[in-house]
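Observations on chain architecture
Each chain, letter by letter, is given below.
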Amino acid sequence: MVGSNREQGSCAERPPDLALSRPRTTNSVMVGSSTPLALTDDMRGLQEDALLVLARSPLCRDMPREPIVALAKHAWSVDRTRGDRLYEGGAAATMLFVVTRGAIKLVRPLGNGREVIIELVGQGDVLGEAALTEGARYDSRAVCVHSSTVLAIPRAEALAFIASNADAVRNVLALVHKSLLRAHRRVEDLSVFGVRQRLARFLIRLADWTDRIDRGRLVVPLALSRREIAALVGTTTETTIRVLSALRDEGLVEPARRGVVLVDRAALKRVAEGDL
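Let us look at the structure shown here. As the structure is a prediction and not an experimental result, all values here were calculated from the model.

1. Some remarks on empty space enclosed by the protein
Under the definition given, this model contains one cavity of 30 Å³ or more. One number sums up the size of the largest cavity: a volume of about 70 Å³. What lines the largest cavity is simply Val121, Asp125, Val126, Glu129, Leu175, Lys178, Ser179 and Arg182. Among the elements that line the lining of the largest cavity, the one with the most residues is helix H4 (residues 166-192), at four residues. Within the lining of the largest cavity, the residues separate by chemical class into three nonpolar, one polar and four charged.

2. Some details on the layout of surface pockets
Quantified by volume, the largest pocket comes out at close to 770 Å³. In this structure, the second largest pocket spans a volume of roughly 580 Å³. Around the second largest pocket sit 24 residues that line it, and Leu106, Glu129, Asp139, Ser179 and Arg182 are the ones nearest its centre. Taken together, the elements giving at least two residues each to the lining of the second largest pocket come down to strand E6 (103-109), strand E7 (115-122), strand E8 (126-127) and H4. If you tally residues by element for the lining of the second largest pocket, the top one is H4, at seven residues. Class assignment of the residues belonging to the lining of the second largest pocket gives a composition of 13 nonpolar, four polar and seven charged.

3. Points about the environment of valine 243
Within the element layout of this structure, valine 243 appears in helix H7 (residues 237-249). Once the C-alpha coordinates of valine 243 and glutamine 197 are considered, the two residues, 46 residues apart in sequence, prove to be 9.8 Å apart. Excluding residues within four positions of it along the chain, valine 243 makes contact with Val195, Arg196 and Leu199.

Parameters at a glance
- Residues numbered from 1 in each chain as written.
- Predicted model: local features only at pLDDT ≥ 70, side-chain atom pairs only at ≥ 80, totals over all residues.
- Heavy atoms only, no water.
- 1 Å grid on protein atoms, 1.4 Å probe; cavity = no way out; pocket = protein on both sides within 12 Å on 5 of 7 lines; lining within 4 Å.
- Points joined across faces, edges and corners; volume = space filled by probe spheres on them.
- Helix = DSSP H or I, 4+ residues; strand = E, 2+ residues; numbered from the N terminus.
- Nonpolar A, V, L, I, M, F, W, Y, C, P; charged D, E, K, R; others polar.
- Contact = heavy atoms within 4.5 Å.

That is the geometry; function is a separate question.
Pasting the structure below:
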């Protein structure tokens, strides 16, 4: 829907998984609308934005423009704020997502009523890959850590895009390989790197995603609890607090309202690489 900042239609008219969260508008695109991006003049800027995002994404890497244009016609720009859910674990995987802004945590419940963050994804990442398999359901809940924007692509259009483009098949295989590598690297990180290095790597990774400058300072809007950070870097909450305090005492980071300031990113990167 173009040129409106009001919600229209019922949840039944929206893609099922997007209806699980509060629909929001982003500029002139109505989130949850079942109308794909059209090739009208007033939509040209929006379609070009979708094209740029898709062209840079792992799904469309090194592909010609024409098939990306066709896919962009079916993409919704979905805007969410901190704490909003993109989809629920167990819901039918009807949409594939490309993150264009922010950070999203993938959460899975534990048997004791608690939850664990299994992954954190950000700008340029693809999530909801279960939509590319027959009858699949999302195996985790996707929750926005910061205000985030994604492109949502319906399952049918994503599958048609892959089926008709050999390059897209190659890119999907590369995504699977990347996912396996990420799992292997996490095991390697836990085996090789200490908590200090892992925490530094985590902060730099978040900074790369958010790229937020406040009064000349690089700020990581860290909307995660110390327990959640500890789970992501593979340590205890107490150790996370102690290492963060040490990095602060060394002048590498300092606390900020709802975040952390990377005072000396170059030095922090040396910590992440084990050189400091």
